[in-house]
Amino acid sequence: MTAHAHRPHAAAPEVGIGWRHPHYAALLEQRPALGFIEVHSENFFAPGSAALAVLREGRAHCPVSLHGVGLSLGSAQGIDTAHLDQLARLVQAIDPVRVSDHASFARGAVVHAADLLPVPMSRAALDAMCANVQRVQDRLRRPIAVENLSAYVQWREADMDEPEFLNALARRSGCGLLVDVNNIFVNALNGQLRGEHGDPLGACRRWLDAIAPDHVAEIHLAGHRHCGDIVIDDHGSRVGERVWALYRHAVGRFGAVPTLIEWDTDIPDLSVLLDEADRAREAAAQVLAPATDTQAVAA
């Protein structure tokens, strides 16, 4: 299978950035040309808050994508009703272009881990996540997108690999997939550090090739940090060159999918994020241009 075998179309992708507190004022003042801005949903749950007022102002100038970290879609305990109600109110107030969360769990019977923990790639875990995703979608009256996780531990129990799990989730629930290219690469690097020797880029390309293109609703790009015996998905630096290479592969596979630049720690000047967004557009254009040229000749 070639990287370009399933390209849906050749239009330029919408590219956005994560809108974090240090850039609230600058983005509203500069109003840069962006396809969308993405915020963490839970930061805007409080009704009547200053944060929500800022988000409404941003929404007046640019589409908003809501990206959550607290639904705990993989929890066997089900979805927390209060959390879902708050998300539903925010969705109604903002009318986002997309709503997303993670293929993870955080909440158990008696504790909340306050972290995104991986689920086993098992049929039982798939059943639980499908039910939870469906409940969220019924409440929000729209499909959501579910993101693959950067995980630092693994379950022994597995009936399938991660792409098979995510494809089945999307097929059964009707949700989309949010493909985080940096997460895939971080997991591949950490696999090498655990002794799973091989070609990390090749492993990542095979992962991407195993995902059904019709399911992909958004792509995330971010930086990561090498810490000796582990690689951390810290969203604290520019996108790495090998992640850019994987992004080009993903565009060839999935087409002009909306793409986000994430930056959550050591946040630089807004201009740096906008520069990364420009690079994403350029990288996608390099991949999509041959299809565009072919269509122009045929016309």
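So, how was this worked out
Residues numbered from 1 in each chain as written. Predicted model: local features only at pLDDT ≥ 70, side-chain atom pairs only at ≥ 80, totals over all residues. Heavy atoms only, no water. Helix = DSSP H or I, 4+ residues; strand = E, 2+ residues; numbered from the N terminus. Contact = heavy atoms within 4.5 Å. Areas by Shrake-Rupley, 256 points an atom, 1.4 Å probe, with all protein chains shown as cover. Salt bridge = Lys/Arg side-chain N within 4 Å of Asp/Glu carboxyl O. Buried < 20%, exposed > 50% of the residue type's maximum accessible area, 1.4 Å probe, protein only. Phe/Tyr/Trp six-rings, centres within 6.5 Å; stacked < 30°, edge-to-face > 60°. Lys NZ or Arg CZ within 6 Å of the ring centre and 35° of its normal. Pairing = 2+ DSSP bridges. Axes fitted to C-alpha atoms, helices over the stretch in contact; angles between N-to-C directions. Expected span 1.5 Å × (residues − 1). Arc of directions from axis to C-beta. Polar contact = N/O pair within 3.5 Å; in protein donor to acceptor, adjacent residues only side chain to side chain. Right-handed = clockwise from strand over helix to strand, strands pointing away.

How should I be thinking about the overall build of the chain in this particular structure?
The number of helices and strands found in the chain is 9 helices and 12 strands. Across the chain, contacts joining residues at least 24 apart in sequence account for 80% of those joining residues at least 6 apart. As displayed, the chain offers around 13300 Å² of accessible surface, 52% of which is attributable to carbon and sulfur atoms.

Even after reading the chapter, I still don't get the pattern of salt bridges, so can you show me in this structure?
Side chains that differ in sign of charge can pair as their charged atoms come close. Within this structure, the stated rule accounts for 11 salt bridges. The shortest N-O distance in the salt bridge between R20 and D264 comes to 2.5 Å. Of this pair, R20 sits in the loop between β1 (15–18) and α1 (24–30) while D264 is found in the loop between β12 (259–261) and α9 (270–298), placing the two residues 244 residues apart along the sequence. Note that R123 is salt-bridged to D159, the shortest N-O span being 3.7 Å. In this pair, R123 is assigned in helix α4 (residues 123–140) and D159 in the loop between β7 (145–147) and α5 (162–173), connecting sequence segments 36 residues apart. On the basis of relative accessibility, which here comes to 55%, the residue R123 falls in the exposed class. Looking at D159, the relative accessible area reads 37%, which means it is partly exposed.

Where do I start with the packing of aromatic side chains in this structure?
What describes a pair of aromatic rings is the distance from one ring centre to the other and the angle between the planes of the rings. Enumeration according to the criterion identifies 2 aromatic pairs in this entry. With a centroid separation of 6.1 Å and an interplanar angle of 70°, the aromatic rings of W244 and Y247 are classed as edge-to-face. With W244 and Y247 both in helix α8 (residues 241–254), this residue pair falls 3 residues apart, about one helical turn. Accessibility classification places W244 together with Y247 in one group, the buried group. Its guanidinium or amino end placed over the ring of F36, R98 lies 4.6 Å from that ring's centre, counting from NZ or CZ.

Can you help me understand the sheet that holds strand β2 (residues 36–40) in this one?
Pairing between the strands of a sheet comes from backbone hydrogen bonds, and it takes one of two forms, parallel or antiparallel. Overall, parallel pairing links the 8 strands, which are arranged β1-β2-β3-β4-β7-β8-β9-β12 in a closed barrel. Pairwise comparison of adjacent strand axes, ignoring direction, gives a mean angle of 25° for this sheet. Relative to β12, strand β9 (residues 216–221) is paired through 3 bridges, and the arrangement is parallel. Residue pairing for β12: L221 is matched across the bridge by I261.

Explain α8 to me, please; I cannot follow it from the model alone.
An α-helix turns once per 3.6 residues; consequently, residues spaced three or four apart project the same way. Between its first and last C-alpha atoms α8 spans 20 Å; for 14 residues at 1.5 Å apiece the expected length is 20 Å, and the two agree. For α8, a buried count of 10 out of 14 residues is recorded, marking the element as mostly surrounded by other parts of the structure. Where α8 is concerned, the buried positions are V243, W244, L246, Y247, H249, A250, V251, G252, R253 and F254. Downstream of α8 by a residue or two, G255 has a phi angle that is positive, lying close to 90°.

Help me out: how do you make sense of helix α3 (residues 81–94) in this one?
Across its 14 residues, α3 extends 20 Å between first and last C-alpha, which sits within 8% of the 20 Å expected from 1.5 Å per residue. Burial in α3 covers these residues: H83, L84, L87, A88, L90, V91 and I94. Buried residues of α3, viewed axially, fall in a sector of 165°; they line one side. Where α3 is buried, its residues touch α2 (50–59), β3 (64–67), β4 (98–102) and α4. Two or three places before A82, at the opening of α3, D80 has a side-chain oxygen 3.3 Å from that residue's backbone nitrogen. Phi for D95, located one or two positions after α3, is positive at around 50°.

Is there a simple way to explain unusual backbone geometry in this structure?
With glycine set apart, most residues show a phi of negative sign, and most peptide bonds adopt trans. Even without being glycine, R31 reaches a positive phi, approximately 45°. As for its placement among the helices and strands, R31 is situated in the loop between α1 and β2. The phi dihedral of S72 is positive, around 55°, even though this residue is not glycine. Mapped onto the secondary structure, S72 falls in the loop between β3 and α3.

Explain the side chain of Q137 here, please?
Here Q137 lies in helix α4. Excluding anything up to four places from it in sequence, Q137 contacts R142, P143, I144, S173, G174 and C175.

Please explain the pairing of β2 as it appears in this structure.
In terms of burial, β2 is largely enclosed, as 5 of its 5 residues are buried. Neither face of β2 is exposed, since F36, E38 and H40 on one face and I37 and V39 on the opposite face are all buried. Here 3 bridges tie β1 to β2, and the two strands are oriented parallel to one another. By the bridge assignment for β2, I17 is matched with I37. In terms of handedness, the path from β1 via α1 over to β2 forms a crossover that is right-handed.

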